[in-house]
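Coordinates in review
One-letter residues, chain by chain:
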Amino acid sequence: MSNLDVFTLDIIQNSLQAIADEMFTAMRKAAMSPIIYEVLDMGTGITDAQGDIASSGAGIPAFVGVLDKAVKQILLQHPAPGEIEEGDVFITNDPHSGGVTHLNDVVLAMPVFAKGRLLAWTANIAHWNDVSGMVPGSLSTEATEIFQEGLRLASVKLISRGQPIRSVLQILRCNTRMPDFMEGDLWAGIAAVRGGATRLQALSEKYGIEVFLAAMRAFMELGEKTSLSALLSLPPGHLQKEERQDDGSVFKVAIQITERELIIDLRDNPDQCAGPTNLSRDGTVVAAQMAFKALTAPQGVTNGGTFRPLRVLTRPGSLFDARPPAAEGFYFENLIRVHDLILRCLAERFPERLPAGNFASVCATIIGGVHPDTGRAFTLVEPEIGGWGAERGRDGNNAVYSGLHGETFNCPVEVCEARYGLYVERMALNDEPGGHGQFRGGRGICIDYRIRADASFLTCGYTRAVIAPWGLEQGLEGTHNYIVVVRQDGARERYAMASSISLDAGDLVQVRTGAGGGYGLPADRDPQAVRDDVKNGYVDVDTARSVYGLPL
Amino acid sequence: MGKDGKTVRVATDVGGTFTDLVYFESDAATGDQIIRTAKVDTTPPNFAQGVLNVIQKAAVDLNTVDFLVHGTTVVINALTERRGVKTALITTQGFRDILEIARANRPDYFNLKWVKPAPFVPRYLRQEVSGRLHTDGSEREALDLSHLPDMLRTFRADGVQAIAICLLHAYANPAHEQAVLSEVQRLWPEVSVVASHQITREWREYERSSTTVLSAYVQPIAARYLDNLEAGLREGGYEPPLYIMQSNCGVDSVKHARDIPITMVESGPASGFWAAAELGRLLDEPNLLALDIGGTTAKCSLVRNGQVSIKTDYWIERNRLNAGYPIMVPVVDLVEIGNGGGSIAWVDEFDKLHVGPESAGALPGPAAYGNGGTRVTTTDANLALGRINPDYFCGGELVADMAAVRRAFVQLSERLQLPVDEVARGIVRIANDNMVNALKLVSLSRGHDPRELTLVAFGGGGAMHAVALGQELGVRKVIVPRGASVFSAWGMTMSDLRRDLFINRFVEAERDGALAQTQAFLDELMHNARAQFISEAIAPEQVDLQVYCKLRYQNQEHAVEVALNSDESLTEHWPVIAQRFHSLYEQHYTYRLQAPLEVIGFHLVAVAQIGKLNLQALPITGRPLVEAHKGQRPVDFALEGIHDTAIYDYALLEPQMHFSGPAIIEDAGSTVVVHPGNQVLVDRLGNLHITLTQEGAAS
């Protein structure tokens, strides 16, 4: 290969990134559901012909590692020649079969051909509002089997050689409580994979198939090199951590760092449970990949090669490697728990590389009912934002999305009130004391939703409602995530994991998310910083005196 | 027109480094035109002085000037350098943290040490008033202003100089904001104050709060600046209205600009894109990709059917790693990337070559400036490839320090283990690729095929890269305007008085009577827009209104703007309008739906023409092309190889001259690189039309 080709490879790699970003923008603009276009609970990516991620668009880090697994499963399910053809689009959502997360997250994947040869795949994933199942929104904390969580699509061909398969579309349409939303979101996703495929074809035509494939291979090698060089800067060793959970169970991790590999061992953990918080092995791998990336090279390239030096050990039949028909609707809380546990184990050993614990819960909040102004059904589905952990030299961020989310946007109050027929009475930082330290944990939030229509419902999945976010280097722990429902008569009910709680007009749903953990001893905090905190109301006068020892 | 039958139009443009002036004089009787340009150093903090300096340097007699328009980077610089005033925010009870919560996104998502942007107003200066509106603007709870006097006393004690007011649902009904505004003005007449409804009538409270806060933050600075400027010009004898370039490609009165300075935020790029659209009208080229390459950035925008696209989705300091800050005002729809002549080439820890976004700026500038720059920039790479003439660097004002260029290349060359010429080609190719991806974002990604577009390239570096970019994109023709380096200022002198109003009004189109009510609302908006111009002494027949209806499928968020013809009403012509929506939607998104439609608002463009230059054709003296031929030199065209190349002096080219590439055309402000096989034709106005015959060879 001549030297000039080095730059050709760079240019192709940059273009892969640009195309993944374009797919993201296209899908966002065309989507019908706020959880896609506003919350951006979605991701886009390009994989190579074998399904290894080549490039991902903006979006959610937890979704970057999903698309490759989905494509690999599609390839496995369609081994015969001619089963995957130009113009096809596949649909997948089954966590037990390449879908990774839960049935609401629907993956669309399209093979990209040039001169009859499979070159790559374009794919995207997005949260659909409702895929049938036992409750509206499809997520129930009562589910004990995946069959109760909705329609399972395991590598199903949806479009054949450019022609939509009508019978599949009919099945999709009949298996949702919100068929119009479903259809809008589906076509937005199809438009995105098709747009990306066209761009990839143009790219390979321009530079030639062999050069295009070489560029993808070289890109993967770069990803691997990046990770390996970061591993070399870490001292080899063996780390362990165990942590009690809100429900009393104990999760354990053991981490082995060598010069060429990081091994995360999660085998010694509880059996899969009867509820919907199970994780597929693929889901556990995604959690480990995110922690690995945060530790090694958070801003370097991320692709299939990045994770080659990572090995994840799980035990089939455990919570982190659940087998069918385990329910997985609320998989995300254990995904974030295991992610947080790995980070905690690493942060205590490398406090200069990672911050203290954050609110670390998706805090999935679902409110549904009939819109009092339009008479149509609505479902608000939102992850919540919260406080982040402090780090050496800096307070934690206030009110951002959890580690599972990234380029995710909260719903504006004005949009929320119009769309869902709720009143938002308050959206503010949560000033409950906690997260103290030389550097302070960031603040979580308070959102108060006033329900306007009778016969509405609330479903929520919050953890860190009992065990607070962890501090680092003697920093204090943060505060809890929870929901309080204040009834018309003033009665208060506290929730963390619950589904289908009945709500009537006038009820108030108070979302509270926690402060992140502190870093270092509170007594070492700069007194001027404490005075500024008091002036701004981040810390109250009593706390300034009692925790920080400030004479006021 | 002046008393002597001459019309004089002057544009001045304050940039970060230089303040530019362009002077156009045309004589109606003889048709003669005089064009002069001048440049002086920008003079912070008293920027108005630089404007007066450049007027003096260009020997402009302000008494004879008929039209003076002014553009400035003062607002964007005050924002990015955090030089605004101490600002407070008054908002709805329960929502003072909206500004700090922002949208809570983490674009740098694998990085757990990511830093969220700090709010422009600290929490103790964000205060609340009670009172609520419904989404339709009706009142839910009365406004309570009883705490306002105490609040303002505290603000005053804290040294606040500007106040922003942003209340929930004020886009639907500004009554509560107006009440707060007038009470603040009554209690504290000296303070600078602005309410969100004065700037925008769109929903999304964080974006509106941010916009209002940023406007308040720069308001006292901008007011002082504009006052000094106006006073200086009046003193010099300038009498007609002073116009200020806006981000929406139009100009506005100095009074309007002083009240809402934030609309000046992208005035520089806007005038360039307007210039491209105007040039397109003169040349009968309605569909253009406009590209402006400067020292630190490249910006591009699409001109479709002669129209620039104006949007309100504008953010500062936003990129792949940073969340940035939204400014919801009408800004020309542009994509900007950190790639310009001064962009630095660097190699990452894995031996991959990158170009930008870091720039060598004006100081030290590229290594070739000989001002101590030790890192290779795009300009240095173009010198190394022979594309820029080292003996005619910066129009002959500088001698390129080629020894410094060679020294700078040594490090990169050793690191990459490649010879200098290979590295230089790599730099130009990677810079071009970055720009191609930006150009695709405004064309292909929005459903427009570059093969149907003409690329217009300007700014100091536009012409250097345009042909390579055009070939990569597959456009058929590249136009390099005469005077490409002062093209933006030319655009200012061609601008109309223009106001863009974006207003949200949610309507389910198929609900009984909804469209009639909406049409009545629209009629009122149109009437008000006209009335405002007329109140400013603009003749009614000068005012032109264009209405875009923002439509979407039920439950979607992003709307498509559908242009309404002047004789169309929503009630009578709904089926035609809906059909237009379906086909536009399909063009953007590749599919259409059966779903019901929703109107979510309007975009009104009110334009008053304030006179335009008629460009005169250049004289043809019959000079042979050979006289413009300065010489030959070897030039490296990357993948197309090294060619012995003809060098032409742009100043000596005249209409109807034509020749083929490879060629280099040099003028004082820029270098035009014509690749092998391209055909060049000089048009009647002196612009270069470069026809691309080779597709996709370069990059």
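Residues numbered from 1 in each chain as written. Chains lettered and ligands numbered in written order. Predicted model: local features only at pLDDT ≥ 70, side-chain atom pairs only at ≥ 80, totals over all residues.

Further remarks concern the overall build of chain B. For chain B, the helix and strand inventory stands at 15 helices and 34 strands. Here chain B has a C-alpha radius of gyration of 26 Å; the compact-globule value for 699 residues is 27 Å, and the two agree. Taken over the C-alpha atoms alone, chain B extends approximately 80 × 65 × 60 Å along its principal axes. Within chain B, the fraction of its 699 residues that count as buried is 52%. (Helix = DSSP H or I, 4+ residues; strand = E, 2+ residues; numbered from the N terminus. Rg over C-alpha atoms; globule rule 2.2 N^0.38 Å. Buried ≥ 20, exposed ≤ 12 C-beta atoms within 10 Å, placed from the backbone.)

Before going further, it helps to examine the packing of helix H7 (residues 281-296) of chain A against helix H8 (residues 331-349) of chain A. Residue and element names in this part refer to chain A. Where H7 contacts H8, the axes come no closer than 9 Å and their chain directions differ by 35°. In this structure, H7 meets H8 at a crossing whose hand is right-handed. Contacts between H7 and H8 pair Gly283, Thr284, Val286, Ala287, Ala288, Met290, Ala291, Ala294 and Leu295 from the former with Tyr331, Leu335, Val338, His339, Ile342, Leu343 and Leu346 from the latter. (Axes fitted to C-alpha atoms, helices over the stretch in contact; angles between N-to-C directions. Left-handed = near helix turned anticlockwise from the far one by under 90°. Contact = placed C-beta atoms within 7 Å.)

Moving on, we come to the domain arrangement of chain A. Residues and elements named next belong to chain A. According to the domain assignment, chain A consists of domain 1 (4-222) and domain 2 (355-552). Each of domain 1 and domain 2 was reduced to a C-alpha centroid, and the two centroids are 33 Å apart. Of the residues lining the interface, 21 residues belong to domain 1; the matching set on domain 2 comes to 21 residues. A class-by-class count of the residues in the side of domain 1 that touches domain 2 yields 11 nonpolar, 6 polar and 4 charged. (Domains from an automatic or database assignment. Nonpolar A, V, L, I, M, F, W, Y, C, P; charged D, E, K, R; others polar.)

When the parts come together, some accessible area is lost, and that loss is often what is quoted as the size of the interface. Taken residue by residue, the interface counts 55 residues in chain B and 66 residues in chain A. Listing elements by their share of the side of chain B that touches chain A, those giving two or more residues are helix H3 (98-101), helix H6 (205-235) and helix H11 (420-442) of chain B. Per-element tally for the side of chain B that touches chain A: the top contributor is H11(B), with 7 residues. Residues belonging to the side of chain B that touches chain A are distributed by class as follows: 23 nonpolar, 14 polar and 18 charged.

Domain boundaries in chain B define domain 1 (6-80 + 224-264), domain 2 (87-218), domain 3 (343-428) and domain 4 (500-604). Taking the mean C-alpha position of each, domain 1 of chain B and domain 3 of chain B sit 35 Å from one another.

Residue and element names in this part refer to chain A. The topology assignment puts lysine 72 in helix H3 (residues 61-77). For lysine 72, a count of 18 C-beta atoms within 10 Å translates into the label partly exposed. C-alpha of lysine 72 to C-alpha of glutamine 50: the two residues are 22 residues apart in sequence and 6.6 Å apart in space. Aside from chain neighbours lying at most four places away, what touches lysine 72 is Gly51 and Gly98.

Segments scoring low in pLDDT should not have their predicted coordinates read at a detailed level. All names here are of chain B. Mean pLDDT over chain B: 91, with 99% of residues reaching 70 or higher. Note on residues 695-699: pLDDT is under 50 here. Beyond four places in sequence and across chains, it has 23 contacts. Note on the complex model: pTM 0.92, ipTM 0.92. (pLDDT = per-residue confidence, 0-100.)

Residues and elements named next belong to chain B. Within the open sheet, the 5 strands sit side by side as S7-S6-S5-S8-S9. Their pairing is mixed. The open sheet terminates on both sides in strands that have one partner only, identified here as strand S7 (139-144) and strand S9 (192-195). Pairwise comparison of adjacent strand axes, ignoring direction, gives a mean angle of 25° for this sheet. Against the sheet, H6 touches strand S5 (87-92), strand S8 (162-166) and S9, its axis set at about 160° to S8. (Pairing = 2+ DSSP bridges.)

All names here are of chain A. Reading across from one edge, S14-S15-S20-S17-S18 is the order of the 5 strands in this open sheet, with antiparallel pairing throughout. Of all strands in the sheet, those with a lone pairing partner are strand S14 (423-429) and strand S18 (492-495), marking the two edges. Averaged over all adjacent pairs, the angle separating strand axes in this sheet is 15°, with direction ignored. Pairing between strand S17 (residues 482-486) and S18: 4 bridges, direction antiparallel. Note that in S18 the partner of valine 485 across the bridge is glutamate 493.

Moving on to the packing of helix H4 (residues 148-157) of chain B against helix H5 (residues 175-187) of chain B. All names here are of chain B. One can describe the packing of H4 onto H5 by two numbers: an axis separation of 11 Å at closest approach and a directional angle of 60°. In terms of orientation, H4 lies oblique with respect to H5. Seen along the crossing, H4 lies across H5 with a hand that is right-handed. Note on element contacts: H5 touches H4 through Glu183, Val184 and Leu187, opposite Leu148, Pro149 and Leu152. Residues belonging to the contact of H4 with H5 are distributed by class as follows: 5 nonpolar, no polar and 1 charged. (Parallel < 35°, antiparallel > 145°, perpendicular 65-115°, else oblique.)

The next subject is the UniProt feature "domain: Acetophenone carboxylase-like C-terminal" (unreviewed entry) in chain B. Under the feature "domain: Acetophenone carboxylase-like C-terminal" (unreviewed entry), the UniProt entry names residues 510-689 of chain B. Taken end to end, residues 510-689 of chain B is 21% helix and 34% strand, and its first and last C-alpha atoms sit 50 Å apart. (UniProt positions renumbered as here; feature names shortened; annotations may be inferred.)

Between its first and last C-alpha atoms helix H8 (residues 267-283) of chain B spans 24 Å; for 17 residues at 1.5 Å apiece the expected length is 24 Å, and the two agree. By the criterion of burial, H8(B) is predominantly enclosed, with 14 of the 17 residues buried. (Expected span 1.5 Å × (residues − 1).)

Turning our eyes to something else, we now look at unusual backbone geometry. Residue Pro324(A) is joined to Pro325(A) through a cis peptide bond whose omega torsion reads 5°. Within the secondary structure, Pro325(A) is located in the loop between strand S11 (310-313) and H8. In this chain, Gly661(B) is followed by Pro662(B) through a cis amide linkage whose omega measures 5°. If you trace the backbone, Pro662(B) turns up in the loop between strand S30 (658-660) and strand S31 (663-666).

Residue and element names in this part refer to chain B. Note: strand S2 (residues 18-27) against strand S3 (residues 33-41), 9 bridges, orientation antiparallel. Counted as the bridge partner of leucine 21 is alanine 38 from S3. The turn joining S2 and S3, which pair antiparallel and follow one another in sequence, is formed by 5 residues; a positive phi near 80° is taken by glycine 31.

The next thing to look at is H11(B). For H11(B), which comprises 23 residues, the first-to-last C-alpha distance of 34 Å matches the rise-based estimate of 33 Å (1.5 Å per residue) to within 8%. Counting buried positions along H11(B) yields 19 of 23 residues, so the element is predominantly enclosed.

All right, on to the UniProt feature "domain: Hydantoinase/oxoprolinase N-terminal" (unreviewed entry) in chain B then. According to UniProt, the positions carrying the feature "domain: Hydantoinase/oxoprolinase N-terminal" (unreviewed entry) are residues 9-183 of chain B. End-to-end, the C-alpha atoms of residues 9-183 of chain B are 42 Å apart, and along that stretch the chain is 23% helix and 32% strand.

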